[in-house]
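Here are the chains, one letter per residue:
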Amino acid sequence: MTIRKFPETMTSRERVIRTFNFEKTDRVTIGYETNPVIHGKLCEALGIHNNDYEALLRALGVDYRPIGAPYIGKPLHKVPENRMVDQMEGCIMRWVPNGSGGYWDFCDFPLQDAEDEDFDAFPVPNPDDFDYDATLAACKHYNENGQFALYVGNAGVPDIINSNGRIMGMEDVLCHLMLENEAALRFIRRRADFQLKMLERTLDKCRGHIDFVWLGEDLGTQISPMISLALYRKTIKPIHKQFIDLAASYGLPAIMHSCGSSSWVYEDLIAMGLRGVDTLQPEAVNMSPAYLTEHFGGRLNFRGCISTAGPLAYGTVEETERVCRQTLEIMMPHRGYHFAPTHAIQDNSPVENVIAMYQAAHEYGRYQ
């Protein structure tokens, strides 16, 4: 199996930059996120050996690559038996088997029911403990000929609700935000400050190589906001603005990931200067492609909208192709659309559907 492509007149980097500026491109930009099992099956189907990640991205036509500084400091957290610990966050995971293999799920929240002194003592990485020279080397490796767009950050930056929920438990983090628990808020700000400083040093070291900044914050359930707009504006928005302003200070657009029904906050994000939004689960309230383009088309870039809980997972090849084509037809006239799944493609998605999804991007995502 192969992905049939068409003649292209732009490099990936040119395509991404022009898309963020709402300018016409030869085709839509293409993104990719999957779980490891379906990734391996996709490589096998496309004849890519040893799960070669870069080879797969090139086969699919993915236009951008992540750049991050490797951590070179000492371990910050002990690893309990039969657990895995994210040393950057301190969240604890356990292996949960399922029909396709399994995954690491969050558990044993280390700051659940914490006292004030527990928040102050919990380790947060030092921005000095990262190899920024290696980051610059990675930029030069990818962009010897300026082919790919490069980004820094990810959906976990600063990700106040979700990432702190992995440390405190979701109920605790929401209560701390609502009740303005100063010790918890001090910890949240300390983590965000570390991320901001690391991001700034990465951008400074890689000046001229980076094309956009990726941020994240889960703000919606499937049917409603996660928190009130008033609480967002008081507690979370000031932190978001620091990151958006940092990107702007380097002349870069920023895009923010948020799962669920999130369009209720988009006007505030636009006012802060955010250029794009990611995930865009079409089955969530006020998140359909038609709703998004009607209310925010031409003012926000959109990335996603190809549901990982719809035909891609449960339908046929024909149904997958149809929903991809329809999404492209709605999104493309407004420019600024990045074709991508709403989240990591899950292991229950048939490989044939995933291939049909990316073939549709090349087939129907061309600008005439």
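Everything here concerns the structure above.
In this text the structure is predicted, and so the values were computed from the model without any measurement.

Caption draft 1: Spatial organisation of the sheet that holds strand β5 (residues 101–107). Reading across the sheet, the 3 strands line up as β3-β4-β5 and stay open at both edges, with antiparallel pairing between neighbours. Looking along the sheet, the strands with just one partner apiece sit at the ends: β3 (84–85) and β5. With 7 bridges joining them, strand β4 (residues 92–98) and β5 adopt antiparallel strand pairing. Across the sheet, Met93 pairs through a bridge with Phe106, a residue of β5.

Caption draft 2: Expanded view of the packing of aromatic side chains. With the rule as written, the count across this model stands at 18 aromatic pairs. On the basis of an interplanar angle of 45 degrees and a centroid distance of 5.0 Å, the ring pair of Phe20 and Phe212 is categorised as tilted. Note that Phe20 is positioned in helix α1 (residues 12–20) and Phe212 in strand β7 (residues 212–216), a separation of 192 residues in sequence. Of the two residues, Phe20 and Phe212, neither departs from the other in class, the shared state being buried. Consider the rings of Phe122 and Phe187, whose centres lie 5.7 Å apart with planes at 85 degrees: the pair is edge-to-face. Here Phe122 is found in the loop between α4 (116–121) and α5 (132–142), whereas its partner Phe187 is found in helix α8 (residues 182–205), with 65 residues between them in sequence. Like Phe122, the residue Phe187 is buried in the burial classification. The rings of Phe20, Tyr64, Tyr151, Phe212 and Trp214 are connected pair by pair, giving a single aromatic cluster.

Caption draft 3: A look at a negative patch on the surface. Negative charge collects at one region of the surface, where Asp113, Glu115, Asp116, Glu117, Asp118 and Glu171 lie side by side. Per element, the largest residue contribution to the negative patch is 3 residues, and it comes from α4. Take Glu117: its relative accessible area is 52%, and that puts it in the exposed class.

Caption draft 4: Representation of the pairing of β7 in the model. Within β7, 5 of the 5 residues are buried, leaving the element largely enclosed by the surrounding structure. Every second residue of β7 is oriented toward a common face, with Phe212, Trp214 and Gly216 on one face and Val213 and Leu215 on the other, all of them buried. Judged from the 4 bridges that link them, strand β6 (residues 149–158) and β7 form a sheet pairing that is parallel. Paired with Val152 across the two strands is Val213, which belongs to β7. As paired elements, β7 and strand β8 (residues 254–258) share 4 bridges and run parallel to each other. Bridge pairing in β8 links Leu215 to Met256. Crossover connection from β7 via helix α9 (residues 229–249) to parallel β8: handedness right-handed.

What counts, and at which threshold
Residues numbered from 1 in each chain as written. Predicted model: local features only at pLDDT ≥ 70, side-chain atom pairs only at ≥ 80, totals over all residues. Heavy atoms only, no water. Pairing = 2+ DSSP bridges. Helix = DSSP H or I, 4+ residues; strand = E, 2+ residues; numbered from the N terminus. Phe/Tyr/Trp six-rings, centres within 6.5 Å; stacked < 30°, edge-to-face > 60°. Buried < 20%, exposed > 50% of the residue type's maximum accessible area, 1.4 Å probe, protein only. Patch = residues over 30% accessible without salt bridge, like charges linked within 9 Å, V, L, I, M, F, W, Y side chains within 5 Å. Areas by Shrake-Rupley, 256 points an atom, 1.4 Å probe, with all protein chains shown as cover. Salt bridge = Lys/Arg side-chain N within 4 Å of Asp/Glu carboxyl O. Lys, Arg positive; Asp, Glu negative; His and termini not counted. Charge placed at Lys NZ, Arg CZ, Asp CG, Glu CD. Right-handed = clockwise from strand over helix to strand, strands pointing away.

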